[in-house]
Amino acid sequence: GDMGIETFKRLIPVLSGLDYINLNGIGEPFLNNNIFEFISIAKRHMKPSGEAGFTTNGILLNEKKAERIIDEGLDKIVISLDSTNPEYLSNIRKGTSFEVIEENIDSFNRAKEKKGVKKPILGFELVATKDNFREIPSIIKFAAEKKANFVIVSHVLPYSYELNQKKIFEPLSK
C-alpha cells in the first residue's frame, strides 16, 4: 500500500541531514493522495540546499498537478518513457498514451513558464531492452524538444524469464 502521512512524518527528525529525497519507490507517485504533502514536509524540514524529486509515468501529470508540485517546491521530476513511438509504447505499457504523456509534459512546461520558475527540472528515464534500445536517440531528441535537463538510460533488471530474454547485456560473472 501507499505510505501514509503519519509514517512519512516520522522521517521529519532525519530530513535535515539529507541532500536529496526521492519520493517514490515502485509505483506511480501521483496515485498516493499524500504526495503533495510529502513534498511540502520534505522541503520544510530539509536543509535549504536539500532537494526533492520523483519519477512518474506522466499519465496523471496534468496542469493542475504540475502547478501544485511547483507550489510545494519539488526540485526534480523524471518522466519514465521507454519509447516515443505511440504504438510501441502502448504495447509495452498497457493503458498508456504517448499523446497524453506529451500533452502533460507540455502542460508542465506551461505551468513553469506561467509561474516564472526553473524548477522542478525535467528529466527522462528509459529502461533499455533489446526491443527499445534503438529508441534512445529519439528519446534524447524528444527530451531536448521538451526542455529536459537530463536523460537517464538504465538496463532492464530481469526478474522473469521473459525479461531475461530482453536484456541487452550478459553478466561478466555468475
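Described in the following lines is the structure provided in the data block. (Residues numbered from 1 in each chain as written. Predicted model: local features only at pLDDT ≥ 70, side-chain atom pairs only at ≥ 80, totals over all residues. Heavy atoms only, no water.)

## A word on unusual backbone geometry
Note that the residue after Lys119, namely Pro120, is joined by a cis bond; omega there is 5°. Relative to the assigned elements, Pro120 resides in the loop between α6 (98–115) and β4 (121–128). Backbone geometry places Lys147, a non-glycine residue, at a positive phi of 65°. Of note, Lys147 is situated in the loop between α7 (136–145) and β5 (150–155). Note on Lys147: relative accessible area 48%, which makes it partly exposed. (Helix = DSSP H or I, 4+ residues; strand = E, 2+ residues; numbered from the N terminus. Buried < 20%, exposed > 50% of the residue type's maximum accessible area, 1.4 Å probe, protein only.)

## Structural notes on the pairing of strand β3 (residues 76–80)
Counted residue by residue, β3 has four buried out of five residues, so it is predominantly covered. Here four bridges tie strand β2 (residues 51–56) to β3, and the two strands are oriented parallel to one another. Across the sheet, residue Phe54 finds its bridge partner in β3, namely Ile77. When β3 meets β4, the two strands line up parallel, connected through five bridges. Directly across from Ile79, in β4, lies its bridge partner Phe124. (Pairing = 2+ DSSP bridges.)

## Let's talk about helix α3 (residues 35–45)
Among the residues of α3, Ile35, Phe36, Phe38, Ile39, Ser40, Ile41 and Ala42 are the ones counted as buried. Residues of α3 that are buried sit in contact with α1 (5–9), α2 (12–15), β1 (20–22), β2 and α4 (63–72). (Contact = heavy atoms within 4.5 Å.)

## Things to note about the layout of surface pockets
Looking at the largest pocket, its volume works out to about 860 Å³. Lining the largest pocket are 27 residues; nearest its centre among them are Ser80, Asp82, Arg93, Val127 and Tyr159. Contributing elements (two or more residues each) for the lining of the largest pocket: β2, α5 (86–92), β4, β5 and α8 (161–164). A breakdown of the residues in the lining of the largest pocket according to their chemical character gives nine nonpolar, eleven polar and seven charged. If you add up the space inside the second largest pocket, you get close to 330 Å³. As for the second largest pocket, its lining consists of 18 residues, of which Met3, Leu23, Asn24, Gly25 and Asn32 are closest to the centre. Broken down by class, the residue content of the lining of the second largest pocket amounts to ten nonpolar, six polar and two charged. (1 Å grid on protein atoms, 1.4 Å probe; cavity = no way out; pocket = protein on both sides within 12 Å on 5 of 7 lines; lining within 4 Å. Points joined across faces, edges and corners; volume = space filled by probe spheres on them. Nonpolar A, V, L, I, M, F, W, Y, C, P; charged D, E, K, R; others polar.)

## A look at the environment of Glu51
Residue position: Glu51 is located in strand β2. In this structure the C-alpha to C-alpha distance between Glu51 and Glu145, which are 94 residues apart in sequence, comes to 25 Å. Leave out the neighbours within four places in its chain, and Glu51 touches Asp19, Tyr20, Ile21, Lys43, Met46, Asp75 and Lys119.

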